[in-house]
Amino acid sequence: MIVRILGEGQLTVPESAVAELNELDAELEGAVEREDEAAFGTALAALLAKLREVGEPAEPGTLEPSGLIVPQEDATMAEVRQLLTDEGLIPG
Amino acid sequence: MGVMKRVQLVFRAKANKALDRMEDPRETLDYSYQQQLELLQKVRRGVADVATSRKRLELQVNQLQQSADKLTRQAQDSLAAGREDLAREALQRKAGIATQLNDLQVQYVSLQGEEEKLTGAAQRLQAKVDAFRTKKETIKATYTAAEAQTRISEAFTGISEEMGDVGMAIQRAEDKTEQMKARAGAIDELMASGALDDVVGGPRDDIQAELDRMGASTGVDHELEQMKAALSSGAPREIEGAQAGASSAEAAPAQVVDGPQDPE
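An account of the accompanying structure is given in this report. (Residues numbered from 1 in each chain as written. Chains lettered and ligands numbered in written order. Predicted model: local features only at pLDDT ≥ 70, side-chain atom pairs only at ≥ 80, totals over all residues. Heavy atoms only, no water.)

Some remarks on the overall build of chain B
No. 1: When helices and strands are counted, chain B shows seven helices and zero strands.
No. 2: For chain B, the N- to C-terminal ordering of α and β elements is α-α-α-α-α-α-α.
No. 3: Here the contacts in chain B between residues at least 6 apart in sequence split such that 82% fall between residues at least 24 apart.
No. 4: Of the roughly 14,400 Å² of accessible surface on chain B, 52% is carried by carbon and sulfur atoms. (Helix = DSSP H or I, 4+ residues; strand = E, 2+ residues; numbered from the N terminus. Contact = heavy atoms within 4.5 Å. Areas by Shrake-Rupley, 256 points an atom, 1.4 Å probe, with all protein chains shown as cover.)

Listed below in structure tokens is the structure:
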């Protein structure tokens, strides 16, 4: 599966790792719902670390859309919430 | 549904909306390609803008560093001349500059990071735009409008996702560069007016100012003591070195100045 890290590009991630990524993602989502900024930062860092561990950079010239998209490393909770609820953040 | 899937769906929805607006997709391919080239230009301009801001910041850091060095020399000279009051004044000004300097250095590192990110974004977008161009020509040559519709969908969604991502990266970089430009402009004005000496980081309330003064004067007292000690040990120019490591001061008691007649 192809996963994009915003601002960094796409990674190819083996299907076997997706379940674990989803668990980390659930923690991230919980933090956003509880508005827990500290837990959000920790969860995002853990998710990104796992992704980089299991993923390989995708072919630069691939036009394949991503199956999952992860916010960038330094994203704030406010930015992520805006990304989820509003298309305003994505230009074009 | 997790965050990753939800973000992906937002990007996908954006691409689908653009795709739906197309009539003959083969014609729209050229239009999209045009937009991609424009975005590529925009990222490159973004990289150049950030680099310009970074260089300007670098220049300011150097200027401030020179001012700080000069004030240190002046303090040493004043002390050697027996003017502790002047030495204190010089060190106080230096403390103010040091605050600005630390701040600028932090911002410099942040701009460097932004420049790297945008450079990477430009390279990734370039690779996708090249791939899109190849695919576009194949599709135009081979398929009827109806067939092309499905062929195009994937390529278009893929490139649209990249464009959305790069667009956000440019936006973030622009915001940061704007803040930095405003900041750099303010410091340039301060330098030009000579007021920087008296400004220890913008407007503050009286109590904070007093607290800063107390903190700063402790440092100033400390540095004055060090200079006095160095002066009496006969190595007035070795203070910075003596702070970093006592051994180097010992190894090179380069110039023994015997007092106030030292020129400058």
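Overview of the interface of chain A and chain B
No. 1: In this complex, chain A contributes 36 residues to the contact, which on the side of chain B involves 33 residues.
No. 2: Carbon and sulfur atoms make up 60% of the area that chain A and chain B hide from each other, which totals about 3,200 Å².
No. 3: Taken together, chain A and chain B are joined by five salt bridges.
No. 4: One salt bridge connects R4 of chain A with E162 of chain B, and the closest N-O pair in it is separated by 2.7 Å.
No. 5: Along the contact surface separating chain A from chain B lie 18 residue pairs in polar contact (both at pLDDT 80 or more).
No. 6: Looking at the side of chain A that touches chain B, the elements with two or more residues in it are strand 1 (2-5), strand 2 (9-12), helix 1 (18-34), strand 4 (68-70) and helix 3 (77-85) of chain A.
No. 7: Here the side of chain A that touches chain B gets five residues from one element, more than from any other, and that element is helix 1 of chain A.
No. 8: The residue makeup of the side of chain A that touches chain B, split by class, is 18 nonpolar, ten polar and eight charged. (Buried area = accessible area lost by both parts, 1.4 Å probe. Salt bridge = Lys/Arg side-chain N within 4 Å of Asp/Glu carboxyl O. Polar contact = N/O pair within 3.5 Å; in protein donor to acceptor, adjacent residues only side chain to side chain. Nonpolar A, V, L, I, M, F, W, Y, C, P; charged D, E, K, R; others polar.)

Section: the nonpolar core
All names here are of chain B.
No. 1: Within the largest apolar cluster, 48 residues are counted, with the highest numbers of intra-cluster contacts made by V43, L118, L125, F132, I152 and V166.
No. 2: For this core, the secondary-structure elements that each account for two or more residues are helix 2 (25-80), helix 3 (84-142), helix 4 (145-193) and helix 5 (206-232).
No. 3: When neighbours within four sequence positions are excluded, L118 is seen to be in contact with V43, G46, V47, V50, A169, I170 and A173. (Core = buried A, V, L, I, M, F, W, Y, C linked by side-chain atoms within 4.5 Å. Buried < 20%, exposed > 50% of the residue type's maximum accessible area, 1.4 Å probe, protein only.)

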